[in-house]
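Listed here are the chains, written in short residue letters.
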Amino acid sequence: MFFKRKEKVYKGRKIPFWSKENWISIGMSSPYLIIFLTFNILPIIIAIGLSFTYFNMLQAPTFNGITNYLNLLTNDDLFLTGLKNTIIMAVCVGPGGYIVALIVAWLINEMKGFVRTLMTFLFYAPSISGNVYFIWTVLFSSDSMGYANGILMNIGAITEPIRFFQNPSYMMPLCIFIAIWCSFGSGFLNFVAGFKGIDRQYYEAAMVDGVTNRWQELWYITLPIMRPQLLFGAVMSISSAFSVGGICTALCGFPSTQYAVHTIMNHLEDFGGARYEMGYACAIAVVLFLMIIGTNFLIRKMLAKVGE
Amino acid sequence: MSENVKKVSLADKIKFHKENKGPGHLSTMRLRNRTTSGYITTLIVLLLFSIVMVIPMLYILCNSLKPLNELWIFPPRFFPHNPTFKNFRDLFEVMNTSTVPFSRYIFNTAFISIVGTGAHVIAASLCAYVFARRRMWCKEGLFKTVQTALMFVGGVTGIPSFIIMVGLGWIDTYYAYIIPAIGAPLGLYLMKQFMEQLVPVSVIEAARIDGCGEFKILFRIVMPMVKSAWVTLIIFSFQGLWGAGGSSFIYDESLKTFNYAIQQIISVGIVRAGIGAAAQVLLMMVPIIVFLISQSNVMETMATSGMKE
């Protein structure tokens, strides 16, 4: 009875902070929220704070204004290389992987029963099986033992082995390919489930209304209905697009030849983990964070235009 | 009292929807632009794609079954000719000779996975229930924050997280693994979306009128209805904790995980190539098997996880 009465009293209005209902809600959600805020939001606030200081983990941080940011943008050529590479990779792995995942999910939707489950599993498996992407270094290994080199030499396309992970002209495309390969994560599952959940009535109605081919069906019916899934997939692909750095280090080593696959993440780990210039590293982290938030904003704007 | 309420289960709801299709429903009718040849083309395209996807996994599986003399022959062969389980036997022998007993690593991983996953599911469902079906001050803002946190890259928060861990004194303790995993944003997000779409408000209101307390509503009525969601959460959380290798907060060898130990075996390189492959297979098998067992639950959860603008 207590809750029923409260519902009536506050209907349509913002709930007062001091009401009992609010306190019960806060009590129930606080175990999660406190931990979430401590380990997800607080670090970002600390990073923003530290980015305006000189801090080496041993002495207390000293405030030095925007020096870190000025150095980052004007004195640090390597950062600009990293920025360029990160943007290239994010553009290829993010939207590229996203579109490939969407197309694959769309094709899988045509399958039925067991084939469908099997296909979903085959595409999802790389992203859950840990660091299996390491195997690509064996397949593309730089001597003639490598499978890629072996095949290419057998058919006579090349005469001596290509050093795939040391030659700057191959490193970037390979890293992008492998990053896309292991990006079929929960966003992809979400697409498969989303396609399945669309009621066939929509297609039948569209057919009556004169939609003639599959592409029109996709653009005017399927994608607009899928918009919530598309947004979720996009959000999940942002994090995979900006964390390619780890894969690059595992494949090409650090530092990579001529810094061909040097990303902001590598730069951040270099200053944070090896040089202990924490203030500077935090400034890099803040730049990366702003890029992520900016991308999120852009994606929301773009997805609002689907199906128009 | 609440017995009547409980009977409106998810299965009943879905069955209801299947039976009561709208008057225009022609689910048996084939649309005119779907043909058999199109189906076969699609299947072939998918198969070609999926070969690229599975080659590395297949390769590691084959390598783990190869005897030593087949691993290094030239030209390299993909499939083993005389498959053997010797590599797996050797792996267990290597495990027995490590400085920290291997059972300790296994205990660590099991302990972290079970406690962390359990706490995460309970904390996240309490919070998701509030977000989905109760009113709270500043609820929307907090949920938006969780949504934004879905796309944070781990490295960005690395340094401040370390400072926080030092401040709390949690370096070299189990807390460093478990506590951050409890606050993972994906769990709350999936749970909240699932509850919002599949738990009717009327059921909860009815239970409240019958005098059911909030915890009882959550654990007796809501949780059985959202079984798929928490099964999915258990799997994702388990995958994350199972994959926890060398954490930057743990330096004590006896607190490191099974995954870390296996990776140490792999990283020895050429000498133990066969054992390394066997260890890799062991590492990737567990999450794959867990996913295969529970994939219908995962897919059901994913169907509700869309994001509203």
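Note that this is a predicted model, so its numbers are computed, not measured.

Within chain A, the secondary structure is distributed over 15 helices and two strands. Per-residue burial over chain A gives 52% buried out of 308 residues. In chain A, the share of contacts with a sequence separation of at least 24, taken over all contacts with a separation of at least 6, comes to 66%. About 14,300 Å² of surface is accessible on chain A, with carbon and sulfur atoms providing 66% of the total.

Within chain B one finds 15 helices and zero strands. Pairs at least 24 apart in sequence give 76% of the contacts found in chain B among residues at least 6 apart. Total accessible area on chain B stands at roughly 14,600 Å², and carbon and sulfur atoms take up 67% of it.

Between chain B and chain A, the contact holds 101 residues from the first and 103 residues from the second. Carbon and sulfur atoms make up 75% of the area that chain B and chain A hide from each other, which totals about 9,100 Å². Considering only the side of chain B, the residues that lose the most area to chain A are Met53, Arg135 and Met151 of chain B, jointly responsible for 9% of the buried surface there. Summed over the shared surface of chain B and chain A, the number is one salt bridge. One salt bridge connects glutamate 21 of chain A with arginine 135 of chain B, and the closest N-O pair in it is separated by 3.2 Å. In this structure, the connection of chain B to chain A is made through eleven residue pairs in polar contact (both at pLDDT 80 or more).

Turning our attention to the packing of helix H14 (residues 264-274) of chain A against helix H15 (residues 278-303) of chain A. Residues and elements named next belong to chain A. Running from N to C, H14 and H15 cross one another at 160°; their axes reach a closest spacing of 8 Å. As far as their axial angle goes, H15 and H14 are roughly antiparallel. Considering how the two elements wind past one another, H14 and H15 form a crossing that is left-handed. In contact with Ile264, Met265, His267, Leu268, Phe271 and Gly272 of H14, H15 contributes Met278, Tyr280, Ala281, Ile284, Ala285, Leu288 and Met291.

Going through the model one piece at a time under the given rule, you end up with six salt bridges over all chains. Note that aspartate 270 of chain A and arginine 275 of chain A form a salt bridge whose closest N and O atoms lie 2.9 Å from each other. For aspartate 270 of chain A, a relative accessible area of 10% translates into the label buried. Lysine 86 of chain B is the partner of aspartate 90 of chain B in a salt bridge, and the nearest nitrogen-oxygen pair spans 2.9 Å. Note that aspartate 90 of chain B and lysine 86 of chain B are positioned in helix H5 (residues 86-96) at a spacing of four residues, about one turn of the helix. Residues participating in the shared-partner salt-bridge network are Arg134, Arg208 and Glu214 of chain B.

The subject of this paragraph is the packing of aromatic side chains. With the rule as written, the count across this model stands at 23 aromatic pairs over all chains. Measuring from centroid to centroid gives 5.4 Å for tyrosine 98 of chain A and phenylalanine 191 of chain A, while their planes differ by 70°, and the two rings are edge-to-face. Of the two residues, tyrosine 98 of chain A is situated in helix H4 (residues 77-108) and phenylalanine 191 of chain A in helix H9 (residues 186-196); the sequence distance between them amounts to 93 residues. A connected cluster of aromatic rings, assembled from ring pairs, spans Phe123, Phe184 and Phe188 of chain A together with Phe49 of chain B. We note arginine 275 of chain A situated over the ring of phenylalanine 271 of chain A; from NZ or CZ to the ring centre the distance is 4.5 Å. Above the face of the phenylalanine 143 of chain B ring, lysine 192 of chain B is positioned so that its terminal group lies 3.9 Å from the ring centre.

On to the nonpolar core, then. Core analysis: the biggest nonpolar cluster contains 199 residues, and Tyr32, Phe123 and Phe188 of chain A together with Met195 of chain B have the highest contact counts within it. If you tally residues by element for this core, the top one is H15 of chain A, at 15 residues. Beyond its immediate sequence surroundings of up to four residues, phenylalanine 123 of chain A is in contact with Val104, Ile108, Phe184 and Phe188 of chain A together with Leu46, Phe49, Ser50 and Met53 of chain B.

What follows deals with the side chain of asparagine 296 of chain A. By the secondary structure assignment, asparagine 296 of chain A is in helix H15. In contact with asparagine 296 of chain A, other than residues within four places in its own chain, are Val235 and Ile238 of chain A together with Met151 of chain B.

All right, on to the confidence of the model for chain B then. Residues and elements named next belong to chain B. In the predicted model, chain B carries a mean pLDDT of 80, and the fraction of residues at 70 or more is 84%. Mean pLDDT across the elements of chain B ranges from a minimum in helix H1 (residues 2-6), with 45, to a maximum in helix H12 (residues 214-225), with 90. Low confidence marks residues 1-7, where pLDDT is under 50. Its contacts with residues over four positions away, or in another chain, come to seven contacts. Note on residues 22-32: pLDDT is under 50 here. Beyond four places in sequence and across chains, it has 17 contacts.

Moving on, we come to helix H14 (residues 258-267) of chain B. The periodicity of an α-helix, 3.6 residues per turn, causes residues three or four places apart in sequence to face the same way. Residues and elements named next belong to chain B. Where burial is concerned, most of H14 is hidden: seven out of the ten residues are buried. Regarding H14, the residues found buried are Phe258, Asn259, Tyr260, Ala261, Ile262, Ile265 and Ile266. Those residues of H14 that are buried are in contact with H5, helix H6 (102-133), helix H13 (227-242) and helix H15 (273-303).

Residues and elements named next belong to chain B. Side chains of Leu58, Leu61, Phe79, Met285, Ile289 and Ile293 sit close together on the surface and give an oily, nonpolar patch of about 550 Å² of accessible area. Looking at which element gives the most residues to the nonpolar patch, the answer is H15, with three residues. Within the secondary structure layout, leucine 61 lies in helix H3 (residues 36-65).

This part covers unusual backbone geometry. Residue and element names in this part refer to chain B. The residue cysteine 138 is not glycine, and still its phi comes out positive at about 65°. Examined against the element boundaries, cysteine 138 turns out to sit in the loop between H6 and helix H7 (139-149). Among the residues examined, cysteine 138 registers a relative accessible area of 43% and is labelled partly exposed. One non-glycine residue, aspartate 172, lies in the positive phi region at around 65°. Mapping aspartate 172 onto the fold places it in the loop between helix H8 (158-168) and helix H9 (175-182).

Residue and element names in this part refer to chain A. A rise of 1.5 Å per residue sets the reference length of helix H11 (residues 214-225), with its twelve residues, at 16 Å; its end C-alpha atoms lie 15 Å apart and thus fit the reference within 8%. Within H11, burial applies to Glu217, Leu218, Ile221, Thr222 and Leu223. Those residues of H11 that are buried lie in contact with H4, H9, helix H10 (200-208) and helix H12 (227-242).

Attention now goes to the confidence of the model for chain A. Residue and element names in this part refer to chain A. Counting all residues, the mean pLDDT for chain A is 82, and 94% of those residues have values of 70 or more. Confidence, expressed as mean pLDDT per element, reaches its minimum in chain A at helix H1 (residues 2-10) with 43 and its maximum at helix H2 (residues 20-50) with 90. Considering only residues more than four positions removed or in separate chains, one finds that residues 1-12, a stretch of pLDDT under 50, has 15 contacts.

What follows concerns the environment of arginine 272 of chain B. Residue and element names in this part refer to chain B. Tracing the sequence through the fold places arginine 272 in the loop between H14 and H15. Its relative accessible area of 28% is what places arginine 272 among the partly exposed residues. Separated by 181 residues in sequence, arginine 272 and leucine 91 place their C-alpha atoms 9.2 Å apart.

Scoring rules and cut-offs
The residue numbers shown here count from 1 along each chain, following its written sequence. To label them, take the chains in the order written and letter them from A, then take the ligands in the order written and number them from 1. Side-chain atom pairs in this predicted model are given and counted only at pLDDT of 80 or more, local residue features only at pLDDT of at least 70, and totals for whole chains, interfaces and linings cover all residues. Side-chain numbers come from the whole structure's heavy atoms, not from hydrogens or water. Secondary structure elements follow DSSP: runs of H or I no shorter than four residues count as helices, runs of E no shorter than two count as strands, and numbering proceeds from the N terminus. Any residue under 20% of the maximum accessible area for its type is buried, any over 50% is exposed, and the rest in between are partly exposed; the area is computed with a 1.4 Å probe on protein chains only. The contact definition used throughout considers only heavy atoms, calling two residues in contact when any of these lie within 4.5 Å. Note on areas: Shrake-Rupley with a 1.4 Å probe; residue coverage comes only from the protein chains shown. Buried area: the accessible area, evaluated with a 1.4 Å probe, that two parts lose upon being put together, summed over both parts. Only one rule defines a salt bridge in this text: a Lys or Arg side-chain nitrogen within 4 Å of an Asp or Glu carboxyl oxygen. Polar contacts, as used here, are pairs of N or O atoms within 3.5 Å; protein pairs need one atom able to donate a hydrogen and one able to accept it. Residues neighboring in sequence count only if both atoms are side-chain atoms. Interaxial angles span 0 to 180 degrees and are taken between N-to-C directions of axes, which are lines fitted to C-alpha atoms, for helices over the stretch in contact. Oblique is the label for every angle not falling under 35 degrees (roughly parallel), over 145 degrees (roughly antiparallel), or within 65 to 115 degrees (roughly perpendicular). Whether a crossing is left-handed or right-handed is set by the direction in which the near helix is turned from the far one by less than a right angle, anticlockwise for left-handed and clockwise for right-handed. Aromatic rings from Phe, Tyr and Trp, taking only the six-membered ring of Trp, are treated as a pair when their centres fall within 6.5 Å; an angle between ring planes under 30 degrees marks them as stacked, one over 60 as edge-to-face, and anything in between as tilted. Charge-over-ring placement is defined geometrically: NZ (Lys) or CZ (Arg) within 6 Å of the ring centre, and within 35 degrees of the ring normal. Definition of nonpolar core: a set of buried residues of the types Ala, Val, Leu, Ile, Met, Phe, Trp, Tyr and Cys, connected through side-chain atoms within 4.5 Å. pLDDT expresses, on a scale from 0 to 100, how confident the predictor is about each individual residue. Patches here: salt-bridge-free residues with over 30% relative accessible area, like charges joined within 9 Å, nonpolar side chains (Val, Leu, Ile, Met, Phe, Trp, Tyr) joined within 5 Å. For a helix, the expected span equals 1.5 Å multiplied by the residue count minus one.

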